[in-house]
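# Architecture and fold: a report
Letter by letter, the chains look like this.
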Amino acid sequence: MKKKISIIGVPMDLGQMRRGVDMGPSAIRYAGVVDRLEQLGYEIEDLGDIEIGKPDRDIGETVNLRNLKAVVVASRKLADQVDLVVQKGNFPLVLGGDHSIAIGSLAGISKHYKDLGVIWYDAHGDLNSSETSPTGNIHGMPLAVSLGIGHPHLTFIGGYAPKIKPENIVIIGARSLDKGEKELIKDKGIKVYTMHEIDRLGMTKVIEETIHYLKNKTDGVHLSLDLDGLDPADAPGVGTPVIGGVSYRESHLAMEMLEESKIITSAEFVEVNPILDERNKTAIVAVALMGSLFGEKLL
């Protein structure tokens, strides 16, 4: 990995309905992310937080897309910031905020790659559109948007679509998928490791297969890690917890193996909600996982 990391906070809470996730970047910083990564020998540039506008009545209310206008504006700002980070040759590390921020992250990153791979570490598929979403919450749509599926205000952020190809995606940890998402996964042939596969194969085999699947056909890999991918016992401070998730230790193993593979070129950690948390436990877990992703070892 590059030895210079640029941190971008995105205090976004408009992609869903539970307040507090906008404080996620602050909680992660408070949990010591900068010190943790500096101790591993990285040069850290903290670019602060993207300014998020206030929600208002807009076109989104008529097309089942909550806070569409504000999410689009924030996504454009993030895409521009990430674009500049990649141009400088730094590693973009984005802190959320709800998972709608991945729309901006991928818009800024994928323009620099011909075949960007994506590891979506999440309890959910985030493959809904306005037609399939039961809620209209955009945090359940960023992977679909990045595939070019959805409202053009979202899919064409950065001026191009799609951002990624379905054959370059691996979803890990899924255990809550809507009907439309299941159909899209089958239709597009997206590779998914549900909790069934993780239980059956073990995390070692899942990550080995993921690395093998992506390594030779991608020129970069973005890790999008939603803390609700972990079991709520280990990461309680998330807006949409789903029991029966990936364990703390399995997640560390995954991050350690990804670091050893040297395939990760950008990353984001999202959905940390300190209001729903226990003594900042989830932010502390996020920082610990970042430590493993960036080379921290037990010995």
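Residues numbered from 1 in each chain as written. Predicted model: local features only at pLDDT ≥ 70, side-chain atom pairs only at ≥ 80, totals over all residues. Heavy atoms only, no water.

## Structural notes on the packing of helix α9 (residues 203-215) against helix α10 (residues 248-261)
The N-to-C vectors of α9 and α10 enclose an angle of 30 degrees; their axes lie 10 Å apart at closest approach. Considering the relative orientation of α9 and α10, their crossing is right-handed. Residues M203, T204, I207, E208, I211 and K215 of α9 lie in contact with α10, whose contacting residues are E250, L253, A254, M257, L258 and S261. Split into classes, the residues belonging to the contact of α9 with α10 amount to seven nonpolar, two polar and three charged. (Axes fitted to C-alpha atoms, helices over the stretch in contact; angles between N-to-C directions. Helix = DSSP H or I, 4+ residues; strand = E, 2+ residues; numbered from the N terminus. Left-handed = near helix turned anticlockwise from the far one by under 90°. Contact = heavy atoms within 4.5 Å. Nonpolar A, V, L, I, M, F, W, Y, C, P; charged D, E, K, R; others polar.)

## So, the environment of V221
Its place among the elements puts V221 in strand β7 (residues 220-226). Along the chain, V221 and G117 lie 104 residues apart, while their C-alpha atoms are 4.3 Å from each other. Leaving out residues up to four positions away in the same chain, V221 has contacts with L116, G117, V118, I119, L214, I263, I264, T265 and S266.

## Concerning the packing of aromatic side chains
By the definition in use, this model includes two aromatic pairs. With centroids separated by 5.4 Å and ring planes inclined at 80 degrees, the aromatic side chains of Y42 and F294 adopt a geometry described as edge-to-face. Residue Y42 is found in the loop between α2 (33-38) and β2 (43-49), and its partner F294 is found in the segment after α11 (281-293); the two are separated by 252 residues along the sequence. Measuring from centroid to centroid gives 5.0 Å for F91 and F294, while their planes differ by 75 degrees, and the two rings are edge-to-face. Within this pair, whereas F91 is found in strand β3 (residues 91-96), its partner F294 is found in the segment after α11, the two being separated by 203 residues in sequence. An identical accessibility class is assigned to F91 and F294; each is buried. (Phe/Tyr/Trp six-rings, centres within 6.5 Å; stacked < 30°, edge-to-face > 60°. Buried < 20%, exposed > 50% of the residue type's maximum accessible area, 1.4 Å probe, protein only.)

## Here's the deal with α9
Compared with an ideal rise of 1.5 Å per residue, which puts 13 residues at 18 Å, α9 spans 18 Å between its outermost C-alpha atoms and is within 8% of the ideal. For α9, every residue scored as buried is listed here: M203, V206, I207, T210, I211 and L214. The buried residues of α9 all sit within an arc of 130 degrees when viewed along its axis, so they share a single face. (Expected span 1.5 Å × (residues − 1). Arc of directions from axis to C-beta.)

## Some thoughts on the pattern of salt bridges
Within the structure shown, the criterion is met by twelve salt bridges. D49 is paired through a salt bridge with R29; the nearest N and O atoms lie 2.8 Å apart. Here R29 lies in helix α1 (residues 24-30) and D49 lies in strand β2, a separation of 20 residues in the sequence. For D49, a relative accessible area of 38% translates into the label partly exposed. A salt bridge links K297 to E260; its shortest N-O distance comes to 3.7 Å. With K297 in the segment after α11 and E260 in helix α10, this pair connects stretches of sequence that are 37 residues apart. What makes K297 partly exposed here is its relative accessible area of 43%. According to the relative accessible area criterion, E260 is exposed, its value standing at 54%. Taken together, the salt bridges that share partners define one network made up of E259, E260, K262 and K297. (Salt bridge = Lys/Arg side-chain N within 4 Å of Asp/Glu carboxyl O.)

## Side note on the packing of α10 against α11
For any two helices packed against each other, one specifies the crossing angle of their axes together with the interaxial distance. At a minimum axis distance of 7 Å, the contact between α10 and α11 shows a crossing angle of 30 degrees. Our classification of the angle between α10 and α11 gives roughly parallel. Each of Y248, S251, H252, M255, E256, L258 and E259 in α10 lies in contact with α11, whose residues at this interface are V285, A288, L289, S292 and L293. Taken together, the residues of the contact of α10 with α11 sort by class into seven nonpolar, three polar and two charged. (Parallel < 35°, antiparallel > 145°, perpendicular 65-115°, else oblique.)

## Details of the UniProt feature "binding site: Mn(2+) 1" (unreviewed entry) in the protein chain
Per the UniProt entry, the sites bearing "binding site: Mn(2+) 1" (unreviewed entry) are H99, D122, D226 and D228 in this numbering. Of the residues just listed, which span 130 residues, no C-alpha pair is farther apart than 10.5 Å, and they cluster in one region. Of note, D226 is situated in strand β7. A relative accessible area of 2% places D226 in the buried class. Reaching out from D226, the side chain makes a polar contact with the side chain of H99 at a distance of 3.3 Å. (UniProt positions renumbered as here; feature names shortened; annotations may be inferred. Polar contact = N/O pair within 3.5 Å; in protein donor to acceptor, adjacent residues only side chain to side chain.)

## Looking at helix α3 (residues 68-88)
The end-to-end C-alpha separation of α3 is 30 Å, in line with the 30 Å expected for 21 residues at 1.5 Å each. The secondary structure elements touched by the buried residues of α3 are β1 (4-10), β2, β3, α4 (102-109) and α6 (152-155). Looking one or two places after α3, you find G89, whose phi comes out positive at around 90 degrees.

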